Amino acid sequence: EAGVAQSPRYKIIEKRQSVAFWCNPISGHATLYWYQQILGQGPKLLIQFQNNGVVDDSQLPKDRFSAERLKGVDSTLKIQPAKLEDSAVYLCASSPYTEAFFGQGTRLTVV
Amino acid sequence: QKEVEQNSGPLSVPEGAIASLNCTYSDRGSQSFFWYRQYSGKSPELIMSIYSNGDKEDGRFTAQLNKASQYVSLLIRDSQPSDSATYLCAVNIWRIQGAQKLVFGQGTRLTINP
């Protein structure tokens, strides 16, 4: 069974630029999460989708972050404009019900 | 109060000893509990799930759950240098409007010394 796919693996951008991350979950998994993990901290939930609907985006900085899940499958997370404090690893995870499985993550560096 | 709390460590354990990692959570209604292992520069990997009070063993790993005390632990027996990693506790927290969200603790960094 294929795992969660994410791209790109690494991205370096200047502050105020925009960036987008892509995630393809495990086939059949209804729940998709985006987490932000800052070095030395645990993953912080940004947004949760159930099929193609948003369940929770309470910790998503909506003035600069947006996310969508296309046809209940792939998802994109966008940051515009980026700030220095957005430097982190962005993790996508999918879940069939309770357990979640992570992709390799995208390491974003904002300079 | 944080929803999921762990001692961030670092925790240092000699090779061959038992490593004990602890986690507390705030939501009494939580039903699903997980331990993830995260090597430096890698993404979290699910290593244990536990849903009922008591112990669950898988190889050298034992997860323990006490819902009355809102406490989850992970024991690693015969610790190996390859067990050196950050261990993340995760709990499914119920929202008022239904649906669960998976919340992580800050992680405990474990080092096994040869």
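Owing to the predicted nature of the structure, the values given are computational and were not obtained by experimental measurement.

Cut-offs and rules
- Residues numbered from 1 in each chain as written.
- Chains lettered and ligands numbered in written order.
- Predicted model: local features only at pLDDT ≥ 70, side-chain atom pairs only at ≥ 80, totals over all residues.
- Heavy atoms only, no water.
- Helix = DSSP H or I, 4+ residues; strand = E, 2+ residues; numbered from the N terminus.
- Rg over C-alpha atoms; globule rule 2.2 N^0.38 Å.
- Contact = heavy atoms within 4.5 Å.
- Buried area = accessible area lost by both parts, 1.4 Å probe.
- Salt bridge = Lys/Arg side-chain N within 4 Å of Asp/Glu carboxyl O.
- Polar contact = N/O pair within 3.5 Å; in protein donor to acceptor, adjacent residues only side chain to side chain.
- 1 Å grid on protein atoms, 1.4 Å probe; cavity = no way out; pocket = protein on both sides within 12 Å on 5 of 7 lines; lining within 4 Å.
- Points joined across faces, edges and corners; volume = space filled by probe spheres on them.
- Nonpolar A, V, L, I, M, F, W, Y, C, P; charged D, E, K, R; others polar.
- Buried < 20%, exposed > 50% of the residue type's maximum accessible area, 1.4 Å probe, protein only.

Right, let's talk about the overall build of chain B for a bit. Assigned secondary structure in chain B consists of zero helices and 11 strands. Going from N to C terminus, chain B has its helices and strands arranged as β-β-β-β-β-β-β-β-β-β-β. Relative to the compact-globule value of 13 Å for 114 residues, chain B shows a C-alpha radius of gyration of 14 Å, a close match. The C-alpha extent of chain B, read off along each of the three principal axes, is 50 × 30 × 20 Å.

Bringing the interface of chain A and chain B into the picture now. Taken together, the contact between chain A and chain B spans 21 residues of the former and 20 residues of the latter. Counting the surface lost from both chain A and chain B, the interface buries some 1500 Å², and carbon and sulfur atoms represent 48% of this. Contact with chain B buries surface across chain A, with A:Thr98, A:Glu99 and A:Phe102 losing the most and accounting together for 29% of the total. Our count for the contact surface shared by chain A and chain B stands at zero salt bridges. One can count nine residue pairs in polar contact (both at pLDDT 80 or more) joining chain A with chain B. Mapped onto the side of chain A that touches chain B, the elements with two or more residues apiece are strand S4 (31-37), strand S5 (44-50), strand S6 (53-56) and strand S10 (101-102) of chain A. Tallying contributions element by element places S4(A) first for the side of chain A that touches chain B, with three residues.

Now for the layout of surface pockets. Volume-wise, the largest pocket comes out at about 660 Å³. Taken together, 32 residues make up the lining of the largest pocket; nearest its centre are A:Gln37, A:Leu39, A:Gly40, B:Gln38 and B:Gly41. The greatest single-element share of the lining of the largest pocket, amounting to four residues, is contributed by strand S11 (residues 106-110) of chain A. Class assignment of the residues belonging to the lining of the largest pocket gives a composition of 10 nonpolar, 18 polar and four charged. For the second largest pocket, the calculated volume is near 370 Å³. Forming the boundary of the second largest pocket are 20 residues, of which A:Gly42, A:Pro43, A:Lys44, B:Val103 and B:Phe104 lie nearest the centre. The set of elements that each furnish at least two residues to the lining of the second largest pocket consists of S5 of chain A together with strand S10 (100-104) of chain B. Counting residues per element, the lining of the second largest pocket draws most heavily on S10(B), at four residues. Of the residues belonging to the lining of the second largest pocket, the class tally is eight nonpolar, seven polar and five charged.

On to unusual backbone geometry, then. Note that the residue after A:Ser7, namely A:Pro8, is joined by a cis bond; omega there is -5°. Its place among the elements puts A:Pro8 in the loop between strand S1 (5-7) and strand S2 (10-13). Note the cis peptide between B:Gly9 and B:Pro10, where omega equals 5°. Tracing the chain through its elements places B:Pro10 in the loop between strand S1 (4-6) and strand S2 (11-14). Even without glycine at this site, A:Asn51 takes up a positive phi of about 55°. Secondary-structure assignment places A:Asn51 in the loop between S5 and S6. Using a relative accessible area of 41% as the deciding quantity, one classes A:Asn51 as partly exposed. Here B:Asp78, not a glycine, exhibits a phi torsion of approximately 45°, which is positive. Inspection of the secondary structure assignment puts B:Asp78 in the loop between strand S8 (71-76) and strand S9 (85-94).

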